[in-house]
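Breakdown of the fold
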Amino acid sequence: MKASRLVVAATVVGSLAGSLLLGGCGGNQGGPEVQDSAGDERTIKAFDINPQPRDKVKDGGTLRWGINEFPSQWNRNHVDGNLAMAAVVSNALLPSPFTSNEKAEISVDHDYVVDAKVTDQRPKQVVTYTLNPKAKWSDGKPITWADYQAQWRALNGRDSAFRIASSTGYQDIEKVARGKDDHEVVVTFARPFGDWQALFGPLLPASTNHDAGAFNTAWLNKIPVTAGPFKFGGFDQTAKTITLVRDDAWWGDRAKLDKIIYRASEHDALISAFSNGELDIIDIQPSAPDYARAKATTGAQVREAAGPDFRHFTFNGSSELLRDRSVRQAIQLGINRQAIAQSDLQGLDWPIALLNNHFFMNTQEGYQDNAGELGAYNPGKARQLLDAAGWKLSGSVRQKNGKPLDLRFVVPSGVQISKSEGELAQTMLGQIGVKLTIKAVPSDDFFTKYVIPGNFDITPFAYIGTPFPVSSSYGIYANATNGQNWNANFGRTGSAAIDQAMSRAAQSLEPVRARSATNAADKLIWQEVNVLPLYQRPQMVAVRQTLANVGARGFYDLQYEDIGFTG
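Below is a summary of the structure that appears in this document.

Details of the environment of Leu 348
Mapped onto the elements of the fold, Leu 348 is located in the loop between helix H7 (337-345) and helix H8 (379-388). Taking relative accessible area as the criterion, Leu 348 reaches 10% and is therefore assigned buried. Residues within four places of Leu 348 in sequence aside, it is in contact with Pro 286, Ser 287, Ala 288, Tyr 291 and Met 540.

Below, the structure written as C-alpha cells:
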C-alpha cells in the first residue's frame, strides 16, 4: 500500500508517468454501477485479471511486459520515483505490510507481517506490528523494526534534504520503537491518523533511508536490494529493458514465472509490439483505435475494470502567467471538459461522466459534486475574469504589459490522447483570447524534467489511486509553507484552509466525519484551480488470453508470484 497517488503520463496510470490510490473510508468498492449524464447505466467489473488457482498456472516461462517509461529513480518514496511504472516493476520486489482485494478491503500481507492492529487509542493512537521472522532482504539481513523507524524518519518531513513525495501520515507519528523483540514494531502517533494501513508500503531498508544522501541517490539508476518473489536481474539501457528473475530465497509461495522482462517504449510503439506478438501485456490508453487493434490481435484480449484513477489537467500556479488565481479560474471555465471526455472515450464501452471531485470517484461512497460554477463550461464568464485581471485582447491573443497570454501545454511524445486533448483545449482557449502552445517532450523526461520541477503551464496526465482517498491525495494539494518544498503538489498552489480540512479528514477515525471533511477540502480546491479533473479513467489492459492473475486490477494488489500462463 502507499500513502500517495502515483502518476502516469498516459491515461493509463498515475505514479507519475502515471498516478495514486483512492478508496475506502467505507462502502463497497467492488462491481460498481456507473451511470453517465445521459442515463446510460451498466455494470463495470471491479477487476479483470483472469484469476486462476496456482495449480492451474504453469511453472516457468518469461513474461514480456510493455511499459511507457524507463524510470531512473527507483525509490518510490522520492518525489522523482512516485511513478506508476516504477510501481509496476518494484511491486514484485519490495515489501508492504498490507494488501488490498478488489473491493478495497485491506488485510495483512502475511509474507511480511503476522499481525498489525491499533493497540491503544488513548491517550494516543498506538499501532503494533508483529513482523514475519522469515522475512529478509536480499542481502540476507532480516526485516526488523529498525527499517520501519528509518522510513518514518526519512518521510516525516522534518528534514527537507530528503526529497520526499509526501509526508502524509508519517508527519503525524511521534515515535517508532522496538517492541518485545526486533520483530515487533510499536508506532505511537502524536495525532490520530485514520489511514494508518497506508503507511510503510513500499518499505525500504534502513541502509537506504538512514540519511538524505542515501535516500536520494541509493536507488538512482539501480535497485540495490529487494525482498519479494522476484529479484533484480539487470537493466539494459540500450534496449530499454528491466529484467527480474525468480528469487529462490523467497520464503513465500514460489513464483510461477522464471523471469519478467519489462520493455519501455513510447505508447504507439508498445501497441505495435503487442500486435506483432513481441509483448504479452501492455496498458492501453482509452483510445478507440488502440482498443480495437488490441482486441483484433490473435490470441489476445482486453481486460477492463473500474479503478480509483482519473484523467486531469494540472495548472502550474507558480508559472508567471498563472500566478493569479482569477486567471486560472478563467482558463478552467474556458475548457469544455465534456467535449474532451467524449473525444477521449469515444468508441469505447465506457460511460462518459465528468468527475467533479478531487478525492472520490463517481462510484465511491463519499462522492459529491463540489465543482459548482467553476466546473461548468462558461467562456463568457472566462472572458470577464480575464478582462478584470488586466488581460486585454490585442488581435486574437490577450496581452498585459506587452506580454501575450501564451501558455505551454506540455505533453509526453507518443501519447496521442494527450496531444488530442491539447488540440481541443487549444481551440477552446483560442475563443477566449488565450494562446495554447503544445510542447511534446520525451516520455522519459516528462515528469522528471518538466512536471516535477514546474517547467510547464498546463499538463495532462492521470492519477492512480489507492484504497485511501484522503491520504493518497493529501500531498497533491498540500501547501508549501515555505513556498519552495511542493513535493507531490505539481500545481504549486495551496492554502492553510485546504491543509486544515485535509488534516481533519486524515485524523478522523470515523468514516462519515472523514468524508465530510474531505468534501470540505474539495470545495476549496475547486476555487484554487490546481488540478482540473476530467473523468474516471478506465483501466484497459491488453494481454495474451492464456495469461493468468494479471490485467485490469482496480483496487486489487497483484500477487506477482501467482502470475503466469495457463497454456
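Details of the side chain of Gln 125
Here Gln 125 shows up in the loop between strand S8 (113-120) and strand S9 (126-131). When its relative accessible area of 5% is taken as the criterion, Gln 125 is described as buried. From its side chain, Gln 125 meets the backbone nitrogen of Phe 193 in a polar contact 2.8 Å long. In this structure Gln 125 touches Val 118, Asp 120, Val 187, Thr 188, Phe 189, Arg 191, Pro 192, Phe 193, Trp 196 and Leu 509, once residues within four positions along its chain are discounted.

Let's talk about the packing of aromatic side chains
Taken as a whole and assessed by the stated rule, the structure comprises 25 aromatic pairs. Ring centres of Trp 74 and Phe 235 lie 5.8 Å apart, and the angle between their planes is 25 degrees; this geometry places the pair in the stacked category. A residue pair is termed long-range when its members are at least 10 positions apart, and Trp 74 in the loop between strand S5 (62-67) and helix H1 (84-90) and Phe 235 in strand S12 (residues 230-236) qualify at 161 residues.

Some details on the sheet that holds strand S11 (residues 184-189)
Hydrogen bonds along the backbone pair up the strands of a sheet, which may run parallel or antiparallel. Spatially, S8-S9-S11-S10 is the arrangement adopted by the four strands of the open sheet, whose pairing is antiparallel. Of all the strands in the sheet, just S8 and strand S10 (173-178) have a single pairing partner and so form its edges. Strand-to-strand twist in this sheet, taken as the mean axis angle between neighbours without regard to direction, amounts to 15 degrees. Both S10 and S11 contribute to a ladder of five bridges, which runs antiparallel. By the bridge assignment, Val 176 is partnered in S11 with Val 187. Contacts between helix H2 (residues 145-155) and the sheet are confined to S8, S9, S10 and S11, with S10 contributing the most and set at about 160 degrees to the helix.

Some points on the pattern of salt bridges
Across all of its chains, the model carries 24 salt bridges by this definition. With a shortest N-O distance of 2.8 Å, Lys 240 and Asp 444 are connected by a salt bridge. Separated by 204 residues along the polypeptide, Lys 240 in the loop between S12 and strand S13 (241-246) and Asp 444 in the loop between strand S22 (435-441) and helix H10 (446-451) bring together distant segments of the chain. Overall, the relative accessible area of 29% leaves Lys 240 in the partly exposed class. Among the ionic pairs, Asp 280 bridges to Arg 544, the shortest N-O distance being 4.0 Å. Of this pair, Asp 280 sits in the loop between helix H4 (267-275) and strand S15 (281-283) while Arg 544 sits in strand S25 (residues 539-544), placing them 264 residues apart in sequence. Residues Asp 280 and Arg 544 agree in their burial class; the two are buried. Put simply, Arg 64, Asp 280 and Arg 544 are held in one network by salt bridges that share partners.

Cut-off values and rules
- Residues numbered from 1 in each chain as written.
- Predicted model: local features only at pLDDT ≥ 70, side-chain atom pairs only at ≥ 80, totals over all residues.
- Heavy atoms only, no water.
- Helix = DSSP H or I, 4+ residues; strand = E, 2+ residues; numbered from the N terminus.
- Buried < 20%, exposed > 50% of the residue type's maximum accessible area, 1.4 Å probe, protein only.
- Contact = heavy atoms within 4.5 Å.
- Polar contact = N/O pair within 3.5 Å; in protein donor to acceptor, adjacent residues only side chain to side chain.
- Phe/Tyr/Trp six-rings, centres within 6.5 Å; stacked < 30°, edge-to-face > 60°.
- Pairing = 2+ DSSP bridges.
- Axes fitted to C-alpha atoms, helices over the stretch in contact; angles between N-to-C directions.
- Salt bridge = Lys/Arg side-chain N within 4 Å of Asp/Glu carboxyl O.

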